[in-house]
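# Summary of structural features
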Amino acid sequence: GKTNLCLDLPELCTGGKHVRCEMPQIPEVPALGQNSAAWDKWSNALQVAGISVELNKTVSVGSLISDYTSAQSQLDACKVCGMYDSATKCFEDGSLPGYEDCSKCFCPWSSGIAVATVGPKILDGHHRWAATKLIVASMSNELRSGLEMESTKVHSYNASVDQIIALGAADMTDCDAFDPALEFAQVS
């Protein structure tokens, strides 16, 4: 099974009560002028439930990693560590990556994260969020404060995670089991 990073770094998952397979995998917002049946179905379910979503809401990276907490109690350690490793390449020259740099290296905070305002919780993009938290924690104070002030975009749902899960319209991930006894530190 997969290694659950929450067992080794429980502070990443404080308050998280949902196993990964309960969490919705929100469809991608189609590009301007494009159509997506999955997004249309999702958007319709939101409207019926009276849930609004602010697409591409600007928040600071600092707010993203400190104001929002995990809704999940499981994080795939390999996925988070892979994102972390890829993102560290963005800082190899000792400075913050610009927007153009993030197209050449992986900036996990720059896309793919959705939040629930009630909580507030991470709704989708937990692995990107966790990798970002770990990156910021590993930085020098100067780089850390610079990255925390950077802006990023999230999709912000005016709802709780439970309200979004109750819609049942988003794809759910497979319940491919995390091994409950396998802590990250035990992997060799």
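This section reports on the structure supplied with the text. None of these values were measured; they are calculated from a predicted model.

## Quick word on the overall build of the protein chain
Broken down by element type, the protein chain carries seven helices and seven strands. Secondary structure elements of the protein chain occur, N-terminal to C-terminal, as α-β-α-β-α-β-α-β-β-α-α-β-α-β. Expressed as a percentage of the 188 residues in the protein chain, the buried residues total 41%. Considering only intrachain contacts with a sequence separation of at least 6, the fraction spanning at least 24 residues in the protein chain is 82%.

## Description of the packing of aromatic side chains
Counted according to the given criterion, the structure contains two aromatic pairs. Note on Phe91 and Trp109: the rings are 6.0 Å apart at their centroids and 40 degrees apart in plane angle, and the pair reads as tilted. Here Trp109 lies in the loop between α4 (77-88) and β4 (114-116) and Phe91 lies in the loop between α4 and β4, a separation of 18 residues in the sequence. The residues Phe91 and Trp109 share a single accessibility class, namely buried.

## Topic: the pairing of strand β6 (residues 151-157)
Bridging between strand β2 (residues 53-60) and β6 involves six bridges; their strand directions are antiparallel. Its bridge partner lying in β6, Val53 is registered against Tyr157. As defined by bridge partners, β4 adjoins β6 across three bridges and the pair is classed as parallel. Each bridged residue has a counterpart across the sheet, and for Ala114 the counterpart in β6 is His155.

## Quick notes on unusual backbone geometry
One non-glycine residue, Asn56, lies in the positive phi region at around 55 degrees. Here Asn56 lies in strand β2.

## Here's the deal with the packing of α4 against helix α5 (residues 126-137)
Two numbers describe how α4 lies on α5: the axes approach to 8 Å, and their chain directions differ by 50 degrees. By the angle between their directions, the pair α4 and α5 is classed as oblique. Relative to α5, α4 is oriented so that their crossing is right-handed. Judged by residue contacts, Lys79, Val80, Met83, Tyr84 and Ala87 of α4 engage His127, Arg128, Ala130, Ala131, Leu134 and Ile135 from α5. Across the contact of α4 with α5, the residue classes break down as eight nonpolar, one polar and two charged.

## Things to note about helix α2 (residues 37-49)
With 13 residues, α2 ought to run about 18 Å at 1.5 Å a step, and its terminal C-alpha atoms sit 18 Å apart, in line with that. Inspection of α2 places Trp39, Trp42, Ala45 and Leu46 among the buried residues, and these make up the whole buried set. Seen from one end, α2 has its buried residues packed into an arc of 125 degrees, which puts them on one side. For α2, the exposed residues lying more than 90 degrees away from the buried face are Ala37, Lys41, Gln47 and Val48. Close packing links the buried residues of α2 with β2, β6 and α7 (161-167). A positive phi of about 70 degrees marks Gly50, the residue just after α2.

## As for the sheet that holds β2
In sheet architecture, strand pairing relies on hydrogen bonds along the backbone and comes in two forms, parallel and antiparallel. Read from one edge of the open sheet, five strands run β2-β6-β4-β5-β3, paired in mixed fashion. The two strands at the open ends of the sheet, each matched to only one other strand, are β2 and β3 (69-70).

## Things to note about the state of the cysteines
If you walk through the whole model with that rule in mind, you get three disulfides. Paired through a disulfide, Cys102 and Cys107 show a sulfur-sulfur distance of 1.9 Å. Taking the sign of the torsion about the S-S bond as the criterion, the disulfide between Cys102 and Cys107, at about -85 degrees, is left-handed. Here Cys78 stays free of any disulfide, with the sulfur of Cys81 as its closest cysteine sulfur at 7.0 Å. Its relative accessible area of 59% is what places Cys78 among the exposed residues. We classify Cys81 as partly exposed; its relative accessible area is 29%.

Parameters and conventions
Residues numbered from 1 in each chain as written. Predicted model: local features only at pLDDT ≥ 70, side-chain atom pairs only at ≥ 80, totals over all residues. Heavy atoms only, no water. Helix = DSSP H or I, 4+ residues; strand = E, 2+ residues; numbered from the N terminus. Buried < 20%, exposed > 50% of the residue type's maximum accessible area, 1.4 Å probe, protein only. Contact = heavy atoms within 4.5 Å. Phe/Tyr/Trp six-rings, centres within 6.5 Å; stacked < 30°, edge-to-face > 60°. Pairing = 2+ DSSP bridges. Axes fitted to C-alpha atoms, helices over the stretch in contact; angles between N-to-C directions. Parallel < 35°, antiparallel > 145°, perpendicular 65-115°, else oblique. Left-handed = near helix turned anticlockwise from the far one by under 90°. Nonpolar A, V, L, I, M, F, W, Y, C, P; charged D, E, K, R; others polar. Expected span 1.5 Å × (residues − 1). Arc of directions from axis to C-beta. Disulfide = S-S within 2.5 Å.

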